[in-house]
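# Fold and contact review
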Amino acid sequence: MVVANRPILTLKAPVVPGHQDPAPLDIGVLDVLLPCRRFNIDHKVAVLGRVSLTTEFLLRLVKSADGISEDQAAGFFGFDQRDMAFVLTEADNLGYVERRDGRLWLTAEGMSLFRDGSLEPEIFEVEKRSLSVGFDLLSLAPQPPRPLELFELKLPELSVADQELASEASRAIPQAFQRHYLEVGARDRSSHIKRSLYSIDEVVAGARFSGLVRLNIRGTMDAPSAAEVDLDDWRPDYERDDRKAIVQAAIRFVDDLKTSKSSDADKAYGYLLEFAPEFLKDFARKDGLAIDRYYREARGRTGDLRSDRQTVPIIGSLMTRDNLRRLIEAIGLSRQAQDEVVSDVFWLAPNVPGWGATRILPDLLRQIKRMIGPDGAAPPASHLFYSGRAAPHFSPAFNSCHGSDYPHVPRTLEVVLIPRVVAAVTVHEPLLTNFGHAVPLGILSYDSKVVDRVTSFISQHLHHYGSGAEHHRDNLLGVVAETRTVPL
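Notes on the structure follow. (Residues numbered from 1 in each chain as written. Predicted model: local features only at pLDDT ≥ 70, side-chain atom pairs only at ≥ 80, totals over all residues. Heavy atoms only, no water.)

### Focus: the side chain of His428
The test is simple: To qualify as a helix, a DSSP run of H or I must reach at least 4 residues; to qualify as a strand, a run of E must reach at least 2; elements of each kind are numbered from the N terminus. Think of a polar contact as two N or O atoms within 3.5 Å of one another; within protein, one of them needs to be a possible hydrogen donor and the other a possible acceptor, and neighboring residues in sequence only count if both atoms come from side chains. The criterion used for residue contact is that any of the two residues' heavy atoms lie within 4.5 Å.
Within the element layout of this structure, His428 appears in strand S16 (residues 422–429). Side chain to side chain, His428 and Glu414 meet in a polar contact 2.6 Å long. Beyond its immediate stretch of four places on either side in the chain, His428 contacts Pro350, Val352, Trp355, Thr412, Glu414, Ala438, Val439 and Pro440.

### A closer look at unusual backbone geometry
The cut-off we apply is this: Type-normalised accessible area, obtained with a 1.4 Å probe on protein chains alone, sets the label of each residue: buried when under 20%, exposed when over 50%, and partly exposed for intermediate values.
One non-glycine residue with positive phi stands out, namely Leu140, at about 55°. The phi torsion at Leu432 lies on the positive side, around 60°, for a residue other than glycine. With respect to the secondary-structure elements, Leu432 resides in the loop between S16 and strand S17 (435–436). The class for Leu432 is partly exposed, based on a relative accessible area of 31%.

### Quick word on empty space enclosed by the protein
A water-sized probe rolled over the atoms picks out the places where empty space is left. To keep things clear, this is the line we draw: The method works on a 1 Å grid over the protein atoms by themselves. A cavity is a set of points holding a 1.4 Å probe that cannot get out, a pocket is an open set with protein on both sides within 12 Å along at least five of seven lines, and residues with an atom within 4 Å of a point line them. Grid points are joined across faces, edges and corners, and a volume is the space filled by probe spheres set on the points.
In the structure shown here, the tally under the stated rule is four cavities of 30 Å³ or more. Taken together, 22 residues make up the lining of the largest cavity; nearest its centre are Ile27, Gly28, Pro353, Trp355 and His428.

### Details of the sheet that holds strand S2 (residues 68–69)
Heads up, the condition is: When DSSP finds two or more bridges between a pair of strands, those strands are recorded as paired.
As summarised here, the arrangement of the three strands in space is S2-S4-S3, forming an open sheet in which the pairing is antiparallel. Every interior strand has two partners, whereas the edge strands, S2 and strand S3 (97–100), have only one. Looking at chain direction, S3 and strand S4 (residues 103–106) are connected through four bridges and run antiparallel. What sits directly across from Val97, in S4, is Leu106.

### Side note on the packing of helix H1 (residues 53–64) against helix H3 (residues 81–93)
The angle between the axes and the distance between the axes are what describe a pair of packed helices. Convention followed: Angles run from 0 to 180 degrees between N-to-C directions of axes, and those axes are lines fitted to C-alpha atoms, restricted for helices to the stretch in contact. These descriptions rest on fixed angle ranges, namely under 35 degrees for roughly parallel, over 145 for roughly antiparallel, 65 to 115 for roughly perpendicular, and the rest for oblique. Classes in brief: Ala, Val, Leu, Ile, Met, Phe, Trp, Tyr, Cys and Pro nonpolar; Asp, Glu, Lys and Arg charged; the others, Gly included, polar.
Across the interface, H1 lies against H3 with an axial gap of 10 Å and an inter-helix angle of 80°. With respect to H3, the axis of H1 lies roughly perpendicular. Between H1, through Thr54, Thr55 and Leu58, and H3, the contact on the second element is made entirely by Met84, Val87, Leu88, Glu90 and Ala91. Looking at side-chain class alone, the contact of H1 with H3 contains five nonpolar, two polar and one charged residues.

### Digging into the packing of H1 against helix H2 (residues 70–77)
Condition: Left-handed is the label given to a crossing in which the near helix is rotated counterclockwise from the far helix by less than a right angle, and right-handed is the label when the rotation is clockwise.
Packing of H1 against H2 brings their axes to within 11 Å, and their N-to-C directions diverge by 125°. It follows that H1 is oblique to H2 by the angle criterion. Where H1 crosses over H2, the two elements pack in a sense that is right-handed. Contacts between H1 and H2 involve Phe57, Leu58 and Leu61 on the former and, on the latter, Ala73, Phe76 and Phe77.

### Concerning the pairing of strand S15 (residues 413–418)
Each regular strand carries side chains that alternate between the two faces of the sheet. In terms of burial, S15 is a largely internal element, six of the six residues being buried. The side-chain alternation of S15 yields two buried faces, one formed by Leu413, Val415 and Leu417 and the other by Glu414, Val416 and Ile418. Relative to S16, S15 runs antiparallel, the two sharing six bridges. Within S16, the residue paired with Leu413 across the bridge is Val427. Here S15 folds back onto S16 in antiparallel fashion, the turn holding three residues, of which Arg420 has a positive phi close to 65°.

### A short note on the packing of aromatic side chains
Defined as follows: To pair, rings of Phe, Tyr and Trp, with the six-membered ring standing in for Trp, must have centres within 6.5 Å; the planes then decide the type, stacked if under 30 degrees apart, edge-to-face if over 60, and tilted in the middle. Note on geometry: a ring has a charge over it if NZ (lysine) or CZ (arginine) is within 6 Å of the ring centre and within 35 degrees of the ring normal.
Counting across every chain of the model gives 14 aromatic pairs. Ring centres of Phe385 and Tyr465 lie 5.5 Å apart, and the angle between their planes is 65°; on these two criteria the pair is classed as edge-to-face. Remark: Tyr465 occurs in the loop between helix H16 (448–461) and helix H17 (467–470) and Phe385 occurs in strand S13 (residues 382–387); sequence separation between them is 80 residues. The class for Phe385 is buried, based on a relative accessible area of 2%. Members of the aromatic cluster, joined through ring pairs, are Trp347, Trp355, Tyr386, Phe394 and Phe398. One cation-aromatic arrangement involves Arg100 over Trp105; the distance from NZ or CZ to the ring centre is 4.2 Å.

### What about the side chain of Asp230?
Relative to the helices and strands, Asp230 is located in strand S7 (residues 228–230). One polar contact links the side chain of Asp230 to the main-chain amide nitrogen of Asp232, over a distance of 2.8 Å. Sequence-distant contacts of Asp230, that is, excluding residues within four places in its chain, are made with Arg214, Leu215, Asn216 and Arg218.

Below is the structure:
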């Protein structure tokens, strides 16, 4: 194994007193279900067609010489009486031409065919259509159905504020269909043909389904726990204007995630000091970790991993874009520095609302297994340890889940461990305030000393999660190069 140099930390420039830093801070990512329903809509559309060629030229002639005699018109086209009678009958039956005293005039309807001064007449034909269209039940805006994986179907759902609208949606669908017809009608392959909605005849409610809404939770550097929801990854601004009820539901959902600082917060942060004392020695006080000072310093560091910087601070969920990149980089660097290591993934989940509720989680686990699994062999397994009640999305994401009502670890502590490869430890507590959104703060490391300490910690607590979890203890201790017992 390559001997690692002491980690090097780069501090940011001193902050000017009173300076406010509005820079955004990604603290979490969630995917939530959007209740939707299919509706079968019978309707009619007015489709732009064309009159026959002979009738078109007759209409153009009469428009240019209104009141022209029938004989003059026949002579102009070189028609005999039979041909002329056929053409005049078609135009007369359509109501475009009026015949009086052997002369021809355009009717008002015939004049209306020449739009915007055009010399070519246009006619719209009414056609019957039937469409099966998905609408969400919050804003009644179009939502195309797509198949969801089992994990996605277990995610939390946005609440419906207007229950009456959702239950009686069929009555409101005609107006919604008319409002969004251009968006829905764009699916028609013959979109080059001009059409407009003529009438809506019948609406029949179909099967319910769910869509997905991506919520990025962002605070600012100076107010990390006063977070707001960002929906840019779901839909652009101009589409969200028609979906304000969904935006409001997303705001309520994120607002409900606020929490108070827990009574064992100091104990949770204390584990950071025990796992990485060398890295955090400048932030160690007699009463534990200098949390606010570590956060202020951590937010200004680059967080880039390298061979001489094997431990870095992390702020925000591991599911955020930058932290995902760092985690994957740490695994890659660790694998380069040692012989092939085959190990499972151990994940201690914090007992905080909404944890892991994003489809990024199963995607990340699949990627980790590909990176650490041996070629041609069965992939490693992933094991989740949680306290309290299991969320529905836990089981589809992990190979095994082990719960405990009395885990004897702080409820806001999160630990991700791949023995002899990498460890990530974060604490989910409000920062710079006693109430607000929990902002994960901690470390990511592939330093063998840090990884071994975390491995020892996990192995000592497995028995709290039942016999199904305890059998991993010997395997964990067996892969530690030099086990260091963490004081409890």
